[in-house]
Amino acid sequence: MSIMDDLRQSVIDGNMDSARELVQQALADKVPPEQILKEGLIAAMAEVGRRFECAEFYVPEMLVSARAMKSGLSLLRPYLVAAKVQAVGKVVIGTVQGDLHDIGKNLVGMMLEGAGFEVVDLGVDISAEKYVAAVQEFQPDLIACSALITTTMPRMEEVIRSLKEAGLRGRVKVIIGGAPVTERYAVEIGADGYAPDAASAASLAKGLIHKKS
Ligand code: B1M
């Protein structure tokens, strides 16, 4: 097995220590950082997403894999920056105003990172004004909003309305998700997409980025 095979397997197994060691070893062996990212970390998370979608993996397995990926990525990031490796796109993510649930949102963020996106995580209880300010500051390609309570879902519509009012709606795609959210709701409020889980959020985001370019 090659070092990339071992790295992919470590991430899939959720073995944080081994993922870090293998990234370190690959760097020492002069494997280009972009190759470590694409053939190691991103490929592993694509497989994790596939297993989740066909119910071979559940949330706990996905969480440990995502943590292993993050741990390898934190070591690799300075080398990616030095090598000027471009992210697939930039996503601003947050849980909407009045809502403090962040476990699902964090998982979505990690899967997006695993898919090669640069992720700006605003945290929880994020008002429409904060999303607008973040679009102005970070110039993302996408905004991902999470809501876990039926009473906080309408805050997603406010985000879209505020982006329109600020003249920013054409510049950024908005994707939404969270346990009470539905595809129908996404259509109703004029979002660009809905994802029922973290793995499909990453596929949705990649699809929207390709449509843009
Ligand atoms: Co809260 N809570 N909670 N809670 N909580 C729920 C959501 C609830 C369904 C429980 C219940 O009553 N059965 C209920 C909402 C009812 C409703 O509105 N329909 C509820 C309530 C009522 C409340 C409080 C109001 C309780 C109270 O104080 N009376 C309160 C609200 C606080 C607030 O937010 N203002 C509250 C508080 C809390 C805790 C703080 C104790 C804790 C949150 C801890 C934290 O997040 N740091 C908590 C928890 C843990 C839950 C449950 C048990 C689990 C949520 C979770 O983390 N799931 C939840 C019941 C449940 O869902 N079974 C519940 C695991 C996570 C991986 O899944 O978040 O669904 P999930 O994310 C998935 C997908 O939804 C999707 O991908 C993720 C991964 O696949 N997804 C996205 C999520 N965001 C996405 C964004 C995207 C795409 C996909 O963007 C594109």
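Before reading on, note that the structure itself is shown above.
(A) Fine view of helix H2 (residues 16-28). Its 13 residues place the ends of H2 18 Å apart at the C-alpha level, agreeing with the 18 Å of an ideal helix rising 1.5 Å per residue. Looking at H2, one finds that the buried residues are Ser 18, Ala 19, Leu 22, Val 23, Ala 26 and Leu 27. The inward-facing, buried residues of H2 contact helix H1 (3-13), helix H3 (33-53) and helix H4 (59-82). Sitting at the amino-terminal end of H2 is Asn 15, which places a side-chain oxygen 3.4 Å from the backbone nitrogen of Asp 17. Just beyond H2, the residue with positive phi is Lys 30, at close to 65°.

(B) Up close: the sheet that holds strand S2 (residues 118-126). Sheet architecture is open: 5 strands sit in the order S2-S1-S3-S4-S5, paired in parallel fashion. Unpaired on one side and paired on the other, S2 and strand S5 (193-194) mark the two borders of the sheet. Bridge count between strand S1 (residues 90-96) and S2: 6 bridges; the pairing is parallel. Across the sheet, Lys 90 pairs through a bridge with Glu 118, a residue of S2.

(C) Layout of unusual backbone geometry. Positive phi outside glycine occurs at Lys 84, with the angle close to 55°. Along the chain, the position of Lys 84 falls in the loop between H4 and S1. Positive phi values are uncommon outside glycine, yet Asp 125 reaches one of about 60°. Secondary-structure assignment places Asp 125 in strand S2.

(D) A look at the nonpolar core. In terms of nonpolar packing, the biggest core is built from 51 residues, with Ile 36 and Phe 117 touching the most fellow members. Every element with two or more residues in this core is listed here: H1, H2, H3, H4, S1, helix H5 (103-114), strand S3 (142-146) and helix H9 (198-212). Looking at which element gives the most residues to this core, the answer is H4, with 9 residues. In this structure Ile 36 touches Met 4, Leu 7, Val 23, Ala 26, Leu 27, Val 31, Leu 41 and Leu 76, once residues within four positions along its chain are discounted. Counting 27 residues, the second largest nonpolar core, distinct from the first, contains Val 120, Ala 128, Tyr 131 and Met 156.

(E) Region of interest: the coordination of the cobalt atom of the ligand. From the protein, the cobalt atom of the ligand takes a single donor atom, His 101 (NE2), 2.2 Å away. On the secondary structure map, His 101 appears in the loop between S1 and H5.

(F) Region of the structure containing the side chain of Lys 105. Turning to its location among the elements, Lys 105 is positioned in helix H5. Residue Lys 105 is classed as buried on the basis of its relative accessible area of 3%. With residues near it in sequence (within four places) discarded, Lys 105 still touches Ile 93, Gly 94, Thr 95, Asp 121, Gly 123 and Ser 146.

(G) Region of the structure containing the site of the ligand. Residues in close proximity to the ligand total 25 residues, the closest being Leu 100, His 101, Asp 102, Ser 146 and Thr 150. Taking Asp 102, its side chain carries an N or O atom lying 2.7 Å from a nitrogen atom of the ligand. One nitrogen or oxygen atom from the main chain of Ala 179 is found 3.2 Å from an oxygen atom belonging to the ligand. Those elements giving two or more residues to the shell around the ligand turn out to be H5, S3 and strand S4 (173-177). In terms of residue count, H5 provides more of the shell around the ligand than any other element does, 4 residues in total. By residue class, the composition of the shell around the ligand is 15 nonpolar, 7 polar and 3 charged.

Cut-offs applied
- All residue numbers refer to positions counted from 1 along the written sequence of the respective chain.
- Reporting of local features is limited, given that this is a predicted model, to residues whose pLDDT is at least 70; pairs of side-chain atoms are given and counted only at 80 or more, and all residues count toward the totals for whole chains, interfaces and linings.
- By convention in this description, side-chain values take in all heavy atoms of the structure and omit both hydrogens and water.
- Put simply, DSSP H or I for four residues or longer makes a helix, DSSP E for two residues or longer makes a strand, and each gets a number counted from the N terminus.
- One fewer than the residue count of a helix, multiplied by 1.5 Å, yields its expected span.
- Exposed residues in this analysis have more than 50% of their type's maximum accessible area, buried residues have under 20%, and partly exposed residues fall in between, with area computed by a 1.4 Å probe over protein chains only.
- Only heavy atoms enter the contact rule, under which two residues are in contact if any of them lie within 4.5 Å.
- The definition of a polar contact used here is a pair of N or O atoms within 3.5 Å, where within protein one atom must be able to donate a hydrogen and the other to accept one, and adjacent residues in sequence count solely through side-chain atom pairs.
- In this scheme, strands are said to pair when DSSP sees at least two bridges between them.
- Only buried Ala, Val, Leu, Ile, Met, Phe, Trp, Tyr and Cys residues count toward a nonpolar core, and they belong to the same one when joined by side-chain atoms within 4.5 Å.
- Coordinating donors are taken as N, O and S atoms within 2.8 Å of the metal, stretched to 3.2 Å for Na, K and Ca; because water is absent from the atoms, sites can appear incomplete.
- Put simply, a residue is near a molecule or strand once any heavy atom of it comes within 4 Å of that molecule or strand.
- Polar here means any residue outside two lists: the nonpolar Ala, Val, Leu, Ile, Met, Phe, Trp, Tyr, Cys and Pro, and the charged Asp, Glu, Lys and Arg; Gly therefore counts as polar.

None of this, on its own, says anything about what the molecule does.
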